[in-house]
Amino acid sequence: ELIRIFQSGEDVHCAIGSIWTGWSYEDIKTDKDKRRLVKAFHFSVIYGKNPASLHQDLVGQGIKVSLQKVTEYHTNYFEAMDDVRTFIDTRPDFVLEHGYVENILGFRVPIDADPHRAEKGGFWKNQAANSPIQGAAHQILLGCLAILRRNREKYNLICPQLEIHDALYTISKIRDIKVALGLLVPLLEKEGPEMIAKEFGIDWKIPFVAGVEIGFRVGGLIELEDSTNFSLEETFEAIVEKTKKQDKELEELEKKYAKAA
């Protein structure tokens, strides 16, 4: 079902969220709060978080949802995605036997497992499920960076500053943004995965999609629905408004803490 959703071109979080929440695809797509909930939930549940931890994470992100509802979502999710449950449950057993996990590219990550905490959980169990997924995503990104370095003249408008897991942060002059995105998105979605497929003998069953966010600072980015067709003027008007709002919130926080001190 996950492969079908990825191949369909649908919004992944909306499609998956509609399976276990009971909300319609369109309802999640048009309601930013609902989409934010299903996206945050899905990232966390894959890495082995139980309902209590999930609830704590969601509330910490400002999402209003009860523990009872999160528990219900958790149950519904694994009833629909039983192979995901199998993947999560079998990784710790593999670690206890071998001392490592392996991702799709064949790279191994040693994990210091504590068998005495096998039943109660523990960070190592989260690592066991997390590492094969994010490790591969990170290495595919590194493949993209290798291509960028080999073809510096072609990608001269892309200036990498930071990479986190499968996210790449670059800087660009405003006037060059559209041209830079025209180079960067195909690199991440096509050229990088194709190089990895050739080098590691992998037949990808799903397409790669790069989500694009732009802004003046990491904490003030806005998402582009279409990186090939957008108004530069309208986009930066929205970014400026978000930046002003954040500056005002920061100023109020500084006053609040100064008063408390």
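For the structure itself, look to the data block above.
Residues numbered from 1 in each chain as written. Predicted model: local features only at pLDDT ≥ 70, side-chain atom pairs only at ≥ 80, totals over all residues. Heavy atoms only, no water.

**Examining the environment of L96**
Here comes step 1: With respect to the helices, strands and loops of the structure, L96 is situated in helix α7 (residues 82-98).
Here comes step 2: Spatially, the C-alpha atom of L96 lies 6.4 Å from that of A113, the residues being 17 residues apart in sequence. (Helix = DSSP H or I, 4+ residues; strand = E, 2+ residues; numbered from the N terminus.)

**What to know about a negative patch on the surface**
Here comes step 1: There is a patch of like negative charges on the surface, built from E213, E223, E225 and D226.
Here comes step 2: Inspection of the secondary structure assignment puts E223 in strand β6 (residues 222-224). (Patch = residues over 30% accessible without salt bridge, like charges linked within 9 Å, V, L, I, M, F, W, Y side chains within 5 Å. Areas by Shrake-Rupley, 256 points an atom, 1.4 Å probe, with all protein chains shown as cover. Salt bridge = Lys/Arg side-chain N within 4 Å of Asp/Glu carboxyl O. Lys, Arg positive; Asp, Glu negative; His and termini not counted. Charge placed at Lys NZ, Arg CZ, Asp CG, Glu CD.)

**Details of the nonpolar core**
Here comes step 1: W20, F41 and Y77 are the most contacted members of the largest nonpolar core, which has 25 residues in total.
Here comes step 2: Those elements that place two or more of their residues in this core are α2 (12-21), α4 (32-46), α5 (51-60), α6 (67-80) and α7.
Here comes step 3: Considering each element in turn, this core owes the most residues, six residues, to α4.
Here comes step 4: Each residue touching Y77, except ones within four places of it in the same chain, is listed here: I16, W20, F41, H42, V45, I46 and V84.
Here comes step 5: With 15 residues, the next largest nonpolar core counts L105, L141, L168 and L184 among its residues. (Core = buried A, V, L, I, M, F, W, Y, C linked by side-chain atoms within 4.5 Å. Buried < 20%, exposed > 50% of the residue type's maximum accessible area, 1.4 Å probe, protein only. Contact = heavy atoms within 4.5 Å.)

**Here's the deal with α2**
Think of an α-helix as turning once every 3.6 residues; residues three or four places apart then point the same way.
Here comes step 1: Burial of α2 is extensive: eight of the 10 residues sit out of reach of the surface.
Here comes step 2: On its buried face, α2 is in contact with α1 (2-8), α3 (25-30), α4 and α6.
Here comes step 3: The opening residue of α2, the one whose side-chain oxygen lies 3.1 Å from the backbone nitrogen of H13, is D11.
Here comes step 4: Downstream of α2 by a residue or two, G22 has a phi angle that is positive, lying close to 90 degrees. (Polar contact = N/O pair within 3.5 Å; in protein donor to acceptor, adjacent residues only side chain to side chain.)

**Description of the pairing of strand β3 (residues 159-164)**
Here comes step 1: Of the pairings in the sheet, the one linking β3 to strand β4 (residues 167-171) comprises five bridges and is antiparallel in character. Bridge pairing in β4 places L162 opposite Y169.
Here comes step 2: In textbook terms, the turn of a hairpin is the stretch between consecutive antiparallel strands, and for β3 and β4 this stretch comprises two residues, one of which, H165, has a positive phi near 55 degrees. (Pairing = 2+ DSSP bridges.)

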